[in-house]
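Residues per chain, in single letters:
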Amino acid sequence: MKKQASKPNRGFQVADQIQRDLTELIARELKDPRVGMVTIQAVEVTPDYAHAKVFFSVLQGDPKECEEGLNQAAGFLRAGLFKRLHIHTVPTLHFLFDRTTEHAADMNALIAQAVASRSKEE
């Protein structure tokens, strides 16, 4: 007989809680000047909770510098998560800049350009 997981969506719940806690930790406790106004877009946790990819976007500032600052502060942020989360293994954090908003803006510009050229033809 196979052993079933205690909660089928536990990985998603842990990722969601990590996202909320990281947002608060970065806003309130992280003092790195390279890390400006950051929005945590998504968190992906491995099934064994050993690693977590944290996707973020930046409202202002250089995304590369912000990514370096967040990755250097990953140990500090992990320690803060350890105090907040009640799980056996707190994942190692890997911060990645999320380009989804940039791609969405590019797609909107292309759509607007196509609509404008179509209206000129008619």
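Residues numbered from 1 in each chain as written. Predicted model: local features only at pLDDT ≥ 70, side-chain atom pairs only at ≥ 80, totals over all residues. Heavy atoms only, no water.

1. Some words on helix α2 (residues 63-72)
Operational definition: Burial here depends on accessible area, computed with a 1.4 Å probe over protein chains only, as a share of the maximum for the residue type. Under 20% is buried, over 50% is exposed, and the range in between is partly exposed. Secondary structure elements are defined from DSSP: runs of H or I of at least 4 residues count as helices, runs of E of at least 2 residues count as strands, and each element is numbered from the N terminus. Note that the arc is computed from the directions linking the helix axis to the C-beta atoms. For this analysis, residues touch if any pair of their heavy atoms sits within 4.5 Å.
Within the sequence span of α2, burial applies to C66, G69 and L70. Taken down its axis, α2 places every buried residue within 95° of arc, on the same side. Every exposed residue of α2 that faces more than 90 degrees away from the buried side is listed here: K64 and Q72. Where α2 is buried, its residues touch α1 (10-28), β1 (38-45), β2 (51-58), α3 (74-84) and β3 (92-97).

2. Re the packing of aromatic side chains
Both the distance between ring centres and the angle between the ring planes are used here to describe each pair of aromatic rings. Heads up, the condition is: For this analysis, a ring pair means two rings from Phe, Tyr or Trp (six-membered ring only for Trp) whose centres lie within 6.5 Å, classed as stacked if their planes differ by under 30 degrees, edge-to-face if by over 60, and tilted for the remaining angles.
With the rule as written, the count across this model stands at 1 aromatic pair. Note on F56 and F97: the rings are 5.7 Å apart at their centroids and 65° apart in plane angle, and the pair reads as edge-to-face. With F56 in strand β2 and F97 in strand β3, this pair connects stretches of sequence that are 41 residues apart.

3. What about the confidence of the model for the protein?
Worth spelling out the cut-off: pLDDT expresses, on a scale from 0 to 100, how confident the predictor is about each individual residue.
Confidence along the protein averages 88 in pLDDT terms, with 94% of residues attaining 70 or more. When mean pLDDT is taken per element in the protein, β3 scores highest with 96 and helix α4 (residues 100-121) scores lowest with 85.

4. Quick notes on the packing of α1 against α3
A pair of packed helices is characterised by two quantities: the angle between their axes and the separation of those axes. For the record, the criterion: Under this scheme, a helix contributes an axis fitted over its contacting stretch, all axes are lines through C-alpha atoms, and angles between N-to-C directions fall in the 0 to 180 degree range. Just so you know how the angles are binned, under 35 degrees is roughly parallel, over 145 roughly antiparallel, 65 to 115 roughly perpendicular, and the rest oblique. Definitions for this section: a left-handed crossing has its near helix turned counterclockwise from the far helix by less than a right angle. A right-handed crossing has that turn clockwise. Gly falls in the polar group here, along with every residue not listed as nonpolar (Ala, Val, Leu, Ile, Met, Phe, Trp, Tyr, Cys, Pro) or charged (Asp, Glu, Lys, Arg).
Between α1 and α3, the shortest axis-to-axis distance is 10 Å and the interhelical angle comes to 120°. Between α1 and α3, the crossing angle belongs to the class labelled oblique. The hand of the α1/α3 crossing is right-handed. Contact with α1, carried on its side by I18, D21, L22, E24, L25 and I26, involves L77, G80, L81 and R84 of α3 and no other residues of that element. Of the residues that constitute the contact of α1 with α3, the class distribution is 6 nonpolar, 1 polar and 3 charged.

5. Focus on the side chain of D98
Stated formally: Positive charges are assigned to Lys and Arg, negative charges to Asp and Glu, while His and the chain termini are left out of the count. Criterion for a salt bridge: a side-chain nitrogen of Lys or Arg within 4 Å of a carboxyl oxygen of Asp or Glu. Two N or O atoms count as a polar contact when they lie within 3.5 Å, although within protein this holds only if one can serve as hydrogen donor and the other as acceptor, and sequence-adjacent residues are included solely when both atoms are side-chain atoms.
Position of D98 relative to the elements: it lies in the loop between β3 and α4. Despite its burial, D98 pairs with no opposite charge; the closest candidate is R99, at 8.2 Å N-O. At a separation of 2.6 Å, a polar atom in the side chain of D98 contacts the side chain of T100. With sequence-adjacent residues up to four places away left out, D98 is seen in contact with Q41, F55, F56 and S57.

6. Re the pairing of β2
Note the following rule: Whether two strands pair comes down to DSSP finding at least two bridges between them.
Burial within β2 is extensive, with 6 of its 8 residues counted as buried. For β1 and β2, the ladder comprises 7 bridges, and the chain directions are antiparallel. Following the sheet pairing, I40 is matched in β2 by F56. Where β1 folds back onto β2 in an antiparallel hairpin, the turn is made up of 5 residues, including Y49, whose phi is positive at roughly 60°. Pairing of β2 with β3 involves 6 bridges; the strand directions are parallel. Residue F55 lies in a different strand from β3, and its bridge partner there is L96.

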